[in-house]
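Residue-level structural notes
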Amino acid sequence: MTLDTLHFTPWASLAGGVLIGVAAVWLMLSAGRIAGISGIVGGLLRPRAQDVGWRVAFIVGLMAAPWIYRAVAVVPEAQIDAGTAMLVAAGLLVGFGTRLGSGCTSGHGVCGLSRLSWRSLVATLCFMATGFLTVFVVRHVLNAGVAV
């Protein structure tokens, strides 16, 4: 394994992490809510009047941020080496996993761990272990040439 120093971006990654942390703290302090994306989107499926505004604003902000960034910075070309069926299957599996784990990586990994939640620690360890295992199986057992 080699480190791709051309695409190694520690400062941009640090800035992104800080922004995620600030957004999570801001949502907690201003609305008393956890910044777990699956919970935010799930709350829009059975909306309560007082909950819709902040949920929509959060999702719009998530969707607008890459477009705003693209307007001010050079963004590398994205390459997806999977077909539509694979992407749909992956999306459904992620959705199933978030329901099974009672939350997503942002809710457990960012917000739950910062609150010292044991449940979030276990969930995050399971997410990570499953990701490691999946990459190992796809790359080394199935020998699939999927670029990451």
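Everything in this summary refers to the structure shown in the same document. A quick note: this is a predicted structure, and the numbers were derived from the prediction, not measured.

Thresholds, definitions, all that
- Residues numbered from 1 in each chain as written.
- Predicted model: local features only at pLDDT ≥ 70, side-chain atom pairs only at ≥ 80, totals over all residues.
- Heavy atoms only, no water.
- Core = buried A, V, L, I, M, F, W, Y, C linked by side-chain atoms within 4.5 Å.
- Buried < 20%, exposed > 50% of the residue type's maximum accessible area, 1.4 Å probe, protein only.
- Helix = DSSP H or I, 4+ residues; strand = E, 2+ residues; numbered from the N terminus.
- Contact = heavy atoms within 4.5 Å.
- Polar contact = N/O pair within 3.5 Å; in protein donor to acceptor, adjacent residues only side chain to side chain.
- Expected span 1.5 Å × (residues − 1).
- Salt bridge = Lys/Arg side-chain N within 4 Å of Asp/Glu carboxyl O.
- Patch = residues over 30% accessible without salt bridge, like charges linked within 9 Å, V, L, I, M, F, W, Y side chains within 5 Å.
- Areas by Shrake-Rupley, 256 points an atom, 1.4 Å probe, with all protein chains shown as cover.

Formed by Ala 24, Leu 27, Ala 35, Ile 40, Trp 54, Phe 58, Ile 59 and Cys 111, the largest nonpolar core amounts to 8 residues. Mapped onto this core, the elements with two or more residues apiece are α1 (10–31) and α3 (49–72). The greatest single-element share of this core, amounting to 3 residues, is contributed by α3. Not counting residues up to four positions away in its chain, the partners in contact with Ala 24 are Ala 35, Val 110 and Cys 111.

This part covers the side chain of His 108. Looking at the element boundaries, His 108 is found in helix α5 (residues 105–114). By relative accessible area, which is 3% here, His 108 ends up buried. A polar side-chain atom of His 108 sits 2.9 Å from a polar atom in the side chain of Ser 120.

Helix length check: helix α6 (residues 118–141) (24 residues) gives 33 Å between terminal C-alpha atoms against 34 Å at 1.5 Å per residue, within 8%. Within α6, burial applies to Ser 120, Ala 123 and Thr 124. Close packing links the buried residues of α6 with α5. A side-chain oxygen of the first residue of α6 lies 3.4 Å from the backbone nitrogen of Arg 119; this N-cap is Ser 117. One or two residues past the end of α6 sits Asn 143, with phi positive at roughly 55°.

To continue, consider helix α4 (residues 84–100). In this model, α4 (17 residues) spans 24 Å end to end at C-alpha, consistent with the 24 Å of a helix rising 1.5 Å per residue. Downstream of α4 by a residue or two, Ser 102 has a phi angle that is positive, lying close to 55°.

Quick look at the environment of Met 63 now. In this structure, Met 63 sits in helix α3. Of the residues examined, Met 63 reaches a relative accessible area of 58% and is grouped as exposed. With 79 residues separating them in the primary sequence, Met 63 and Leu 142 have C-alpha atoms 35 Å apart.

Using the criterion set out here, one finds 3 salt bridges in the structure. The salt bridge partner of Asp 51 is Arg 55, with a shortest N-O separation of 3.3 Å. Here the residue Asp 51 and the residue Arg 55 both occupy positions in helix α3, the gap between them amounting to 4 residues, near one helical turn. What makes Arg 55 buried here is its relative accessible area of 8%. The structure contains a network of salt bridges with shared partners spanning Arg 33, Arg 48, Asp 51 and Arg 55.

A separate point is a nonpolar patch on the surface. A cluster of nonpolar residues, Leu 133, Phe 136, Val 137, Val 141 and Leu 142, forms a patch on the protein surface that exposes about 480 Å² of accessible area. What makes Leu 133 exposed here is its relative accessible area of 54%.

Of note in the backbone geometry, Ser 102 takes a positive phi value of approximately 55° without being a glycine. Position of Ser 102 relative to the elements: it lies in the loop between α4 and α5. Classification of Ser 102 as partly exposed rests on a relative accessible area of 48%. In this structure, Leu 116 is a non-glycine residue whose phi angle is positive, near 60°. Assignment of secondary structure puts Leu 116 in the loop between α5 and α6. Assessed through its relative accessible area of 72%, Leu 116 is described here as exposed.

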